[in-house]
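Next come the chains, spelled out residue by residue.
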Amino acid sequence: MITFERVTKIYPGSDEPAIDNVSFEVPEGEICVVIGPSGCCKTTLMRMINRLIPITSGIISIKGQNVAKMDVIELRRGIGYAIQQIGLFPHMTVYDNIATVPRLLKWDKKRIAARVDELLSLAGLEPDIFRFRYPRELSGGQAQRIGVVRALATDPPVMLMDEPFGAIDPINREVLQDEFLKIQAKVKKTIIFVTHDIHEAIKMGDKIALLEAGRLVQYDTPENLLVHPKNRFVKDFVGADRALKRLDLLKVKDAMMQNPVHCHMDDDAEVIAKHMKENQLTFLLVTDQNEKLKGYVNFYELKDHLGKVRDLVKPMTITVKPEQNLKEALSKMLSYDIGIVVAVDDDSRLKGVLNTRTLLSVVGDTYDERGGVWGKITQQGSISS
Amino acid sequence: MEVWHFITQNRQELMILFGQHAYIVSIAIVIAIFTGVPIGIWINFNKKAAEIVLYIAGIIMTVPSIALFGIMIPILSVFGHGIGSVPAIVALVLYAQLPIIRNTYAALKNVDKNIIDAGVGMGMTRSQVLLKVQLPMALSVIFAGVRVAVVMSIGIGAIAAYIGAGGLGHYIFMGINQTYDAMIKVGAICVAIMAIVVDYIFGIIENRLVSKGLRLS
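On a predicted model such as this, the values are computed, not experimentally measured, just so you know.

Each value, and the rule that gives it
- Residues numbered from 1 in each chain as written.
- Chains lettered and ligands numbered in written order.
- Predicted model: local features only at pLDDT ≥ 70, side-chain atom pairs only at ≥ 80, totals over all residues.
- Heavy atoms only, no water.
- Buried < 20%, exposed > 50% of the residue type's maximum accessible area, 1.4 Å probe, protein only.
- Helix = DSSP H or I, 4+ residues; strand = E, 2+ residues; numbered from the N terminus.
- Pairing = 2+ DSSP bridges.
- 1 Å grid on protein atoms, 1.4 Å probe; cavity = no way out; pocket = protein on both sides within 12 Å on 5 of 7 lines; lining within 4 Å.
- Points joined across faces, edges and corners; volume = space filled by probe spheres on them.
- Nonpolar A, V, L, I, M, F, W, Y, C, P; charged D, E, K, R; others polar.
- Domains from an automatic or database assignment.
- Salt bridge = Lys/Arg side-chain N within 4 Å of Asp/Glu carboxyl O.
- Core = buried A, V, L, I, M, F, W, Y, C linked by side-chain atoms within 4.5 Å.
- Contact = heavy atoms within 4.5 Å.
- Arc of directions from axis to C-beta.

Undergrad: It is not clear to me how the pairing of strand 9 (residues 207-212) of chain A should be interpreted in this structure. Could you clarify?
TA: Looking along a regular strand, one sees side chains alternate from face to face of the sheet. Residues and elements named next belong to chain A. With five of six residues buried, strand 9 lies mostly within the body of the structure. Strand direction decides the pairing type here: strand 3 (residues 31-35) and strand 9, joined by four bridges, are parallel. Across the sheet, residue Cys32 finds its bridge partner in strand 9, namely Lys207. As paired elements, strand 9 and strand 10 (residues 215-220) share five bridges and run antiparallel to each other. By the bridge assignment for strand 10, Glu212 is matched with Arg215. Following strand 9, the chain reverses through two residues before pairing antiparallel with strand 10; Ala213 in that reversal takes a positive phi of roughly 45°.

Okay, structure coming up:
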């Protein structure tokens, strides 16, 4: 969808190229996060796409069309452009801000009004309250949301986003990222997303383009970047805790044991107790007919009980969702000091069980530093040379 | 008391002088705005021109006002307008332009680069960026320049009487010549009142024109 072919940028009066022979392709509907240390020209790379910065050599094309050959004003109007919160026009209301590009494209008033309302709702902001507010009457998070939906106004297939969540506190940033990913799942834009935050990159990116001093060092999925860093620089950049960062990437469903053993509410306590004794189970999960989790039973209480399991069920308050990432799940397990947690879906149907052992093995899986160049250290004691 | 007496005695003449004063100043200000603002915009696109224009305007400001009026006489007498309202207006325009040009230039220069970038990036043409983004955002600073120019022109306009353009300065100069205290006071007070009232009116216009979004803090 967006293709860079041997793109180079040398600023006048400079010997060193700012962007050095960069080639990569962003497939349609994906988010490509451009990241790198400050001064690596990641913003330059993005701004070359809508020709805010002219390139020295190479070709950038969108849907096979060379951007250098397109009318620059038309090109820009066809690309959503979102920058940090300050990019909102302070003298215009929220309505006028969002209506900017539709007005440039001469949409009629009714269509603009409908579109503004639609986008405000998409951003989770009540149109009747926010329509005629000014940017300075908004909180940082609200302004940022407006900045993003403004870029979506004409439903462009391509979006450029330059640290769109940069000026936001970490908590609200997470919320905005989640919201944005939800929106993206619906609208499926092809997005170039610039950030300096590796966490954000891992979370948002379908692909990550890591730049160092204008060169593209690695262009890969977040997973591969963490597991197979190409060189020392990438390794350092993703950080010593990159194994932990994989927790962000992996979902509970990737690590949970599916279809765990359980019994039903109307089972006989005696039968279940016997079964538990045979299998040396101290606890057992209990569901109803529809496989909805009801709680758990304890062998020692169950073994002398005559009747149904339902009489002894204790509710289970701490659960996770299969779609949650492992970091949240692990954090929950650590804060409640539990070694095992049950995964249920939105209808509280039992989906699986996650314990620390499976969790660690999944994270450690394919992770080269388990052994790495050291080989597997199995022996104790010291090696004398 | 004496002042009041003078005013009631010379009501009609006072009105005429007041009118003359207002006439000279308003013509000068209108010309200064319609030349100063475009010049201020133009020099934004041309750094070299900006240096030269601001330098010249700065020099004109350093010429004592009374001397500037004096210079106008030989220059404009070539065109047959040596004395009267024409040289007064020309001198006032030259004076009033500096704050207007300088503020327009500075206001446009100081519009946040990111916001201009957003406009350009969304596909605005250069003139759309100027009209829809830069000027609305710069308006209050431009207005501040205009207000300075207006108040200054009303004050300096008093000197216009010296080269026969009339206006409230007439009373001040006559009063000094005749050591007639009340006459000086009436002239001075009227100039001051005119300046305050006009500045106030411009303040109201500014509030109307400048977006509410920019006045919020």
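Undergrad: What exactly am I supposed to notice about the layout of surface pockets here?
TA: In this approach, a probe sized like a water molecule rolls over the atoms, and the result shows the empty space that is left. All names here are of chain A. Within this model, the largest pocket holds a volume of roughly 960 Å³. Considering the residues around the largest pocket, the lining is formed by 33 residues, among which Asp178, Leu181, Lys203, Lys251 and Asn325 are closest to the centre. A total of nine residues in the lining of the largest pocket trace back to one element, the largest contributor, which is helix 8 (residues 170-187). Partitioning the lining of the largest pocket into residue classes produces eight nonpolar, eight polar and 17 charged. Built from parts of two domains, the lining of the largest pocket gets at least three residues from each of domain 1 (2-250) and domain 2 (253-364). Size it by volume and the second largest pocket reaches roughly 390 Å³. As for the second largest pocket, its lining consists of 14 residues, and the residues nearest its centre are Phe283, Leu284, Leu285, Ile340 and Val353. For the lining of the second largest pocket, the elements supplying multiple residues, two or more each, are strand 13 (283-287), strand 16 (340-344) and strand 17 (350-355).

Undergrad: Quick question: what am I supposed to make of the pattern of salt bridges here?
TA: Any two side chains of opposite charge can pair, on the condition that their charged atoms come close. Residues and elements named next belong to chain A. This model, assessed by the stated rule, comprises 23 salt bridges over all chains. Across the pair Asp155 and Lys189 runs a salt bridge whose closest N-O atoms are separated by 2.4 Å. Taken together, the residues span a long stretch of sequence, with Asp155 in the loop between helix 7 (140-151) and strand 7 (158-162) and Lys189 in the loop between helix 8 and strand 8 (190-194) at a distance of 34 residues. Accessibility expressed as a relative area gives 46% for Asp155, which makes it partly exposed. Two residues, Glu301 and Lys314, come together in a salt bridge whose shortest N-O distance is 2.7 Å. Within this pair, whereas Glu301 is found in helix 15 (residues 299-302), its partner Lys314 is found in the loop between helix 15 and strand 15 (319-320), the two being separated by 13 residues in sequence. A relative accessible area of 35% places Glu301 in the partly exposed class. Classification of Lys314 as partly exposed rests on a relative accessible area of 29%.

Undergrad: Quick question: what am I supposed to make of the nonpolar core here?
TA: Nonpolar side chains tend to gather and get buried jointly when the protein is soluble and globular. Ile2(A), Phe4(A), Leu45(A), Ile49(A), Ile192(A) and Phe69(B) are the most contacted members of the largest nonpolar core, which has 98 residues in total. Top element by residues in this core is helix 7 (residues 126-156) of chain B. It accounts for 14 residues. Apart from the residues within four sequence positions on either side, Ile2(A) is in contact with Phe24(A), Glu25(A), Val26(A), Ile49(A), Ser61(A), Ile62(A), Val158(A), Thr190(A) and Ile192(A). Judged by nonpolar contacts, the second largest core, of 46 residues, contains Val33(A), Tyr95(A), Ile112(A) and Ile202(A).

Undergrad: Looking at this model, I keep getting lost on helix 14 (residues 269-278) of chain A. Mind explaining?
TA: Owing to its 3.6 residues per turn, the α-helix brings residues three or four apart onto one side. Residue and element names in this part refer to chain A. Residues Ala269, Ile272, Ala273 and Met276 constitute the buried set of helix 14. Viewed end-on, helix 14 has its buried residues packed into an arc of 100°, placing them on one side of the element. Opposite its buried face, helix 14 presents the exposed residues Glu270, Val271, Lys274 and Glu278, each directed more than 90 degrees away. Looking at the buried positions of helix 14, the neighbouring elements they touch are strand 12 (262-264), strand 13, strand 14 (293-298) and helix 15. Where helix 14 terminates, the next one or two residues include Gln280, which has phi positive at roughly 55°.

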